[in-house]
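Each chain, written out:
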Amino acid sequence: MPTSRPGHAATSRGERFTVLDPATGKGFAEAPDQRPDELDAVVERAHRAWLGWRSDPLARSKALLTAADAVAAAGADLAPLLTREQGKPLAESYAEVARTAARLRYFAELTPESQKITDGRPVRGEIRWRPLGPVAAIVPWNFPLQLASSKFAPALAAGNTVVLKPSPYTPLATRLLGSVVAAALPEDVLTIVTGHEPLGARLASHPGIRHTTFTGSIPTGRAVAACAGASLARVTLELGGNDAAILLDDVDVERIAERLFWAAFRNCGQVCMAVKRVYAPARLHSRVVEALAQYARTVVVGAGLDAGSQLGPVNNAPQLARVEQCTARALADGARAVTGGHRLDRPGYFFAPTILTDVLPASSVVTEEQFGPVLPVLPYSSLDEAVDAANDTRFGLGGSVWGTDLDRAEAVADRLECGTAWINHHAELSLAQPFAGIKESGVGVAGGPWGLYGNLRPFVVHRPEEA
Ligand code: NAD
């Protein structure tokens, strides 16, 4: 996705760029615009800090628990700042801060297990786990804090140091989070760098980086993989999704409408694992469309800081343009917006929650990731047709099946080609579960113990039974 460059200014504090409030479209603060050549010193310091940080697992765990408490205590500073630059309703920002603290706590208490190798030979073999070195973490603007912690918590717990780059759309809350966490850690164990490209590309290709962990779009993921290919560092990619929700013919439409709506529209639809297309049995299709539209009309759209707002603005102007274009193309191809379908006539990047019907299956709003508050609902005539349509995509992040007979729903969920499938809900994740998109949705496994081991390398020691 193109990154627009908000205004630049050179001040006594170095180059800075303006951060916009998506609820007004106006600048409200500045962040350092760091130059790529500053990374050499940053990575060098991260390497030096690693030599100490890797050596004492108990001290690490203690420091990360202290950091988790500090993050939880900083909620009243972090949450409003996150809402201001990202747009989401304040309650969701508080929830994001809470999940960030919980993730730090989870990984602080997780330790890798050494393993004996027993293959009948008179040799004692043991697998131990070693950290990798400085890790580069690059994240997008939709869940800045949560995604930052999903990178740095397992990497730090494993004994690595981290250089993290947030999106230039959302640098502020991440910088504050970084200072809160870093205060509990030795110097240079966690560093936040902010600025525009090619800062991320330079970080991902830096020869001192031993693992690049990236969340973002598929095109940028390819570029990051190419960078890591040059330095032969490990790479983990969490990329886009186009999750389908299949409604079965025994679904209780009115009962699930609100839950299904929020599975698609939470965070203004800017969730990698949002429901991005719905498949409904032909005989229930119009009821599903109407139930979703009816609920959508009740949703309060407004600035995230306004009490009562349930849906904030889209985060940035290029993303709003993308949502508008994708909706306009669908409408030009014969789709109908039962509700919404347009920007709101007010300052900022607001788009009305939109339910689309009569959508062509080949329309880009179905085949691509709209990443905004727009949901196409398509009819199907046989279950095989619905499962084939759900799987007929280059994405493979998540999917869900909705119905009353849970065994039947689970049997259908088992046929979905993706990393996580849900029944009667969507995108609910446990800290203890693996997170792994398939196809173009990702490379590598994050989350739970897999996230910890993804930041470690096996080290094997063999010794004979006798001298
Ligand atoms: P993006 O790919 O444009 O940017 C992501 C990050 O990469 C930003 O920090 C950006 O500044 C940086 N970047 C840009 N060009 C770079 C380059 N050449 N080398 C290194 N870094 C570079 O994505 P976005 O628009 O910020 O976020 C939206 C995308 O993120 C969507 O596709 C969404 O599905 C995806 N996403 C995926 C997950 C997941 O876990 N699978 C989670 C959240 C978002």
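Definitions and cut-offs
- Residues numbered from 1 in each chain as written.
- Predicted model: local features only at pLDDT ≥ 70, side-chain atom pairs only at ≥ 80, totals over all residues.
- Heavy atoms only, no water.
- Helix = DSSP H or I, 4+ residues; strand = E, 2+ residues; numbered from the N terminus.
- Rg over C-alpha atoms; globule rule 2.2 N^0.38 Å.
- Contact = heavy atoms within 4.5 Å.
- Areas by Shrake-Rupley, 256 points an atom, 1.4 Å probe, with all protein chains shown as cover.
- Lys, Arg positive; Asp, Glu negative; His and termini not counted.
- Charge placed at Lys NZ, Arg CZ, Asp CG, Glu CD.
- Core = buried A, V, L, I, M, F, W, Y, C linked by side-chain atoms within 4.5 Å.
- Buried < 20%, exposed > 50% of the residue type's maximum accessible area, 1.4 Å probe, protein only.
- pLDDT = per-residue confidence, 0-100.
- Near = heavy atom within 4 Å.
- Polar contact = N/O pair within 3.5 Å; in protein donor to acceptor, adjacent residues only side chain to side chain.
- Nonpolar A, V, L, I, M, F, W, Y, C, P; charged D, E, K, R; others polar.
- Domains from an automatic or database assignment.
- Axes fitted to C-alpha atoms, helices over the stretch in contact; angles between N-to-C directions.
- Parallel < 35°, antiparallel > 145°, perpendicular 65-115°, else oblique.
- Left-handed = near helix turned anticlockwise from the far one by under 90°.
- Salt bridge = Lys/Arg side-chain N within 4 Å of Asp/Glu carboxyl O.
- Pairing = 2+ DSSP bridges.
- Buried area = accessible area lost by both parts, 1.4 Å probe.

**Some thoughts on the overall build of the protein**
- For the protein, the count of helices and strands is 15 helices and 19 strands.
- Its C-alpha radius of gyration of 23 Å places the protein within 12% of the 23 Å reference for a compact globule of 467 residues.
- Considering only contacts within the protein whose residues lie at least 6 apart along the sequence, 72% involve residues at least 24 apart.
- With an accessible surface of roughly 19100 Å², the protein has 54% of that area assigned to carbon and sulfur atoms.
- Both charge centroids of the protein, one from 46 positive and one from 49 negative side chains, sit 5 Å from each other.

**Description of the nonpolar core**
- If you look at the biggest cluster of nonpolar residues, it comprises 63 residues, and the most contacted ones within it are Leu-260 and Ile-355.
- When residues no more than four places from it in sequence are discounted, the contact partners of Ile-355 are Phe-265, Val-289, Leu-292, Ala-293, Ala-296, Arg-336, Ala-337, Val-338, Thr-339, Leu-375 and Val-377.
- With 40 residues, the next largest nonpolar core counts Ala-79, Ala-148, Ala-155 and Val-181 among its residues.

**Points about the confidence of the model for the protein**
- Per-residue confidence for the protein gives a mean pLDDT of 96; residues scoring 70 or more make up 97%.
- Note on residues 1–8: pLDDT is under 50 here. Beyond four places in sequence and across chains, it has 26 contacts.

**Comments concerning the site of the ligand**
- Neighbouring the ligand are 29 residues; Val-139, Ser-217, Thr-220, Leu-239 and Glu-369 lie closest to it.
- Measuring from an oxygen atom of the ligand, one finds a backbone N or O atom of Gly-216 at 3.4 Å.
- Take Thr-220: an N or O atom from its side chain is 2.8 Å from an oxygen atom of the ligand.
- Every element with two or more residues in the shell around the ligand is listed here: α7 (199–204), β9 (211–215) and α8 (218–231).
- Taken together, the residues of the shell around the ligand sort by class into 16 nonpolar, nine polar and four charged.
- Among the domains, domain 1 (16–239 + 432–462) and domain 2 (243–423) are the pair contributing at least three residues each to the shell around the ligand.

**Considerations on the packing of helix α5 (residues 144–157) against helix α6 (residues 172–182)**
- Across the interface, α5 lies against α6 with an axial gap of 9 Å and an inter-helix angle of 40°. On the basis of their axis angle, the class for α5 and α6 is oblique. By crossing handedness, the relation of α5 to α6 is classed as right-handed. Across the interface between the two elements, Pro-144, Leu-145, Ala-148 and Phe-152 from α5 touch Ala-173, Thr-174, Leu-177 and Val-181 from α6.
- Considered class by class, the residues forming the contact of α5 with α6 number seven nonpolar, one polar and no charged.

**Remarks on the pattern of salt bridges**
- One pass over the structure, following the stated rule, counts 26 salt bridges.
- Measuring nitrogen to oxygen at the nearest pair gives 3.4 Å for the salt bridge that ties Arg-105 to Asp-69. You can see Arg-105 sitting in helix α4 (residues 90–108) and its partner Asp-69 sitting in helix α2 (residues 57–73), a full 36 residues away along the chain.
- Exposure remark for Arg-105: the relative accessible area of 31% places this residue in the partly exposed category.
- Connected through salt bridges with shared partners, the residues Arg-222, Glu-368, Arg-394 and Glu-440 form a single ionic network.

**Things to note about the sheet that holds strand β4 (residues 115–117)**
- The three strands are arranged β4-β5-β19 in an open sheet whose pairing can be described as antiparallel. Every interior strand has two partners, whereas the edge strands, β4 and β19 (456–464), have only one. Sheet twist, expressed as the mean angle between neighbouring strand axes with direction ignored, is 30°.
- Direction of pairing for β4 relative to strand β5 (residues 123–131): antiparallel, over a ladder of three bridges.

**As for the domain arrangement of the protein**
- For the protein, the assigned domains read domain 1 (16–239 + 432–462) and domain 2 (243–423).
- The C-alpha-based centres of domain 1 and domain 2 are spaced at 30 Å.
- Across the boundary between the two partners, domain 1 contributes 32 residues, which contact 34 residues of domain 2.
- Taken together, both faces of the contact between domain 1 and domain 2 bury some 2600 Å²; the carbon and sulfur share is 56%.
- The largest share of the area that domain 1 buries against domain 2 comes from Pro-22, Trp-141 and Lys-439, three residues that together contribute 21% of it.
- The tally of links between domain 1 and domain 2 comes to two salt bridges.

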